[in-house]
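Here is what each chain is made of, one letter per residue.
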Amino acid sequence: MKTAKLIHNPTAGDEEHSRKDLISLIESNGFECTYSSTKEDDCKRIEEEVDFLVAAGGDGTVRKIVKKLLKRKLLERTWPIGLLPLGTANNIAKTLGIHGTIESIVESWKTARLEKFDVGCVNMAKETNFFLEGFGCGIFPYLMLEMQNQNLESIEDSKTKMNSALELLHQIVLAYEPHQLQLEIDGANHSGKYILVEIMNTRSIGPNLVLAPDANPGDGELNVVLIAEKNKDRFATYLEEKLAGNEEEYRYDTLLGKKIRMIWQGTHIHVDGESVKTKKSAEIQIALRERLIEFLVP
């Protein structure tokens, strides 16, 4: 019998996703289960008998677990991750094709395959960071800041929260002044003025905005999505249509690459779901560590 370690964000999901219910569900499918909360220090410890980890929460919960795994030494043991997507966006799970009820997802672990997942590495101002979803500059860091300022995360209904985020993004796009970016992708120059530059590992970021529909997080390449100054009005119109219920896909200028160097003339960037203030004209280098993490997928 395999042992799962459930790492649970107790504030994600609803009353049906309590500690007791999740443990009962996992055990009823033939797994032994240990438990840790992301709100407590015990999530830092993984018992030797554990066969795989379970991330019960949103993309932030997955990031916390991966951060712990990345700190392990090269020869130390690591574990695959099963996802129980209880967050609002769940961009990682959706990219991996993990959907359906929580019950059906847990049942799928009995016959699941392992899928490798690349990790993006960021070097900036002598600091290092990583991303699973995406790294970017332009309008998205400001969206994240304004969502915090307006306390949009407190909205319980996921559809209302998503629409509120899209409305806010539309307002930001209309007011945003494009910035100059010095951009080099695998040695080729793509510099210009942009309102959005997103280096994507997943298909979508933020409020489930699909920027890289063809992204494959295990293919050894990053998708660099660009919205140039000349396309600002077109993107604003797309957001208006999306808010009106038109789901027609917007095709972005997208390039593939492994090594990226950039100098951004703005003051904010984001790493996954966190907005970070940076110095103007700071040099940023991004590389890919291929197939570093494993997920259980149906």
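Criteria and thresholds
- Residues numbered from 1 in each chain as written.
- Predicted model: local features only at pLDDT ≥ 70, side-chain atom pairs only at ≥ 80, totals over all residues.
- Heavy atoms only, no water.
- Helix = DSSP H or I, 4+ residues; strand = E, 2+ residues; numbered from the N terminus.
- Rg over C-alpha atoms; globule rule 2.2 N^0.38 Å.
- Buried < 20%, exposed > 50% of the residue type's maximum accessible area, 1.4 Å probe, protein only.
- Areas by Shrake-Rupley, 256 points an atom, 1.4 Å probe, with all protein chains shown as cover.
- Lys, Arg positive; Asp, Glu negative; His and termini not counted.
- Charge placed at Lys NZ, Arg CZ, Asp CG, Glu CD.
- Polar contact = N/O pair within 3.5 Å; in protein donor to acceptor, adjacent residues only side chain to side chain.
- Contact = heavy atoms within 4.5 Å.
- Phe/Tyr/Trp six-rings, centres within 6.5 Å; stacked < 30°, edge-to-face > 60°.
- Lys NZ or Arg CZ within 6 Å of the ring centre and 35° of its normal.
- 1 Å grid on protein atoms, 1.4 Å probe; cavity = no way out; pocket = protein on both sides within 12 Å on 5 of 7 lines; lining within 4 Å.
- Points joined across faces, edges and corners; volume = space filled by probe spheres on them.
- Nonpolar A, V, L, I, M, F, W, Y, C, P; charged D, E, K, R; others polar.
- Salt bridge = Lys/Arg side-chain N within 4 Å of Asp/Glu carboxyl O.
- Patch = residues over 30% accessible without salt bridge, like charges linked within 9 Å, V, L, I, M, F, W, Y side chains within 5 Å.
- Axes fitted to C-alpha atoms, helices over the stretch in contact; angles between N-to-C directions.
- Parallel < 35°, antiparallel > 145°, perpendicular 65-115°, else oblique.
- Left-handed = near helix turned anticlockwise from the far one by under 90°.

### Observations regarding the overall build of the chain
If you tally the helices and strands in the chain, you get 7 helices and 18 strands. In terms of overall size, the chain behaves like a compact globule, its C-alpha atoms giving a radius of gyration of 19 Å where 298 residues would be expected to give roughly 19 Å. Summarising its shape, the C-alpha atoms of the chain cover approximately 55 × 45 × 30 Å along the three principal directions. Taking all 298 residues of the chain together, the buried fraction comes to 53%. Only carbon and sulfur atoms are counted for the fraction: they give 46% of the accessible area of the chain, which is about 14600 Å². Of note, the chain has its 37 positive side-chain charges centred 6 Å away from the centre of its 46 negative side-chain charges.

### Things to note about the side chain of threonine 95
When you line up the elements, threonine 95 lands in helix α3 (residues 91–95). Looking at threonine 95, its side chain comes within polar contact range of the main-chain oxygen of asparagine 91, at 3.0 Å. Dropping the residues within four chain positions of it, threonine 95 is found in contact with Thr202, Arg203, Ser204 and Pro217.

### A look at the side chain of histidine 8
With respect to the helices, strands and loops of the structure, histidine 8 is situated in strand β1 (residues 3–8). A residue is classified by how much of its surface remains accessible, and histidine 8, at 2% relative accessible area, is buried. Separated by 3.2 Å, the side chain of histidine 8 and the backbone oxygen of histidine 17 make a polar contact.

### A short note on the packing of aromatic side chains
Tallied over the full model, the rule gives 8 aromatic pairs. Between the aromatic rings of phenylalanine 235 and tyrosine 238, the centroid separation amounts to 6.0 Å while the plane-to-plane angle is 25°, which identifies the pairing as stacked. Placement of the pair is phenylalanine 235 and tyrosine 238 together in helix α7 (residues 232–243), with a separation of 3 residues, close to one helical turn. Note on accessibility: phenylalanine 235 and tyrosine 238 belong to one class, buried. Here the aromatic residues Phe31, Phe52 and Trp109 are joined through ring pairs into a cluster of three or more. The ring of phenylalanine 130 carries arginine 63 above its face, with NZ or CZ at 4.1 Å from the centroid.

### Re the layout of surface pockets
In this structure, the largest pocket encloses a volume near 1300 Å³. Lining the largest pocket are 43 residues; nearest its centre among them are Gly87, Thr88, Ala89, Glu153 and Lys161. Mapped by element, the contributors of at least two residues to the lining of the largest pocket are α2 (59–70), α3, α5 (139–149) and α6 (158–175). Looking at side-chain class alone, the lining of the largest pocket contains 14 nonpolar, 18 polar and 11 charged residues.

### Points about the environment of alanine 228
Mapping alanine 228 onto the fold places it in strand β13 (residues 222–228). Alanine 228 gets classed as buried once you look at its relative accessible area, which sits at 15%. Along the chain, alanine 228 and tyrosine 194 lie 34 residues apart, while their C-alpha atoms are 4.2 Å from each other. The contact partners of alanine 228, leaving out residues within four places of it in the chain, are Lys193 and Tyr194.

### So, the pattern of salt bridges
A complete count under the given rule lists 7 salt bridges for this structure. Measuring nitrogen to oxygen at the nearest pair gives 2.8 Å for the salt bridge that ties arginine 113 to glutamate 115. Given a relative accessible area of 18%, glutamate 115 falls into the buried group. Notably, a salt bridge pairs arginine 251 with aspartate 214, separated by 3.6 Å at the nearest N-O pair.

### Description of a negative patch on the surface
Taken together, the side chains of Glu27, Glu32, Glu48, Glu49 and Asp51 make up a negatively charged region of the molecular surface. Here glutamate 32 is to be found in strand β2 (residues 32–37). Take glutamate 32: its relative accessible area is 41%, and that puts it in the partly exposed class.

### Let's talk about the packing of α6 against α7
Where α6 contacts α7, the two axes come as close as 10 Å, and the packing angle between them is 160°. Comparing their axes, α7 and α6 come out roughly antiparallel. When the axes of α6 and α7 are compared, the crossing they make is left-handed. For the pair formed by α6 and α7, the contact residues are Asn163, Leu166, Glu167, Leu169, His170, Val173, Leu174 and Ala175 on the first element and Lys232, Phe235, Ala236, Leu239, Glu240, Lys242 and Leu243 on the second. For the contact of α6 with α7, the per-class residue count stands at 9 nonpolar, 2 polar and 4 charged.

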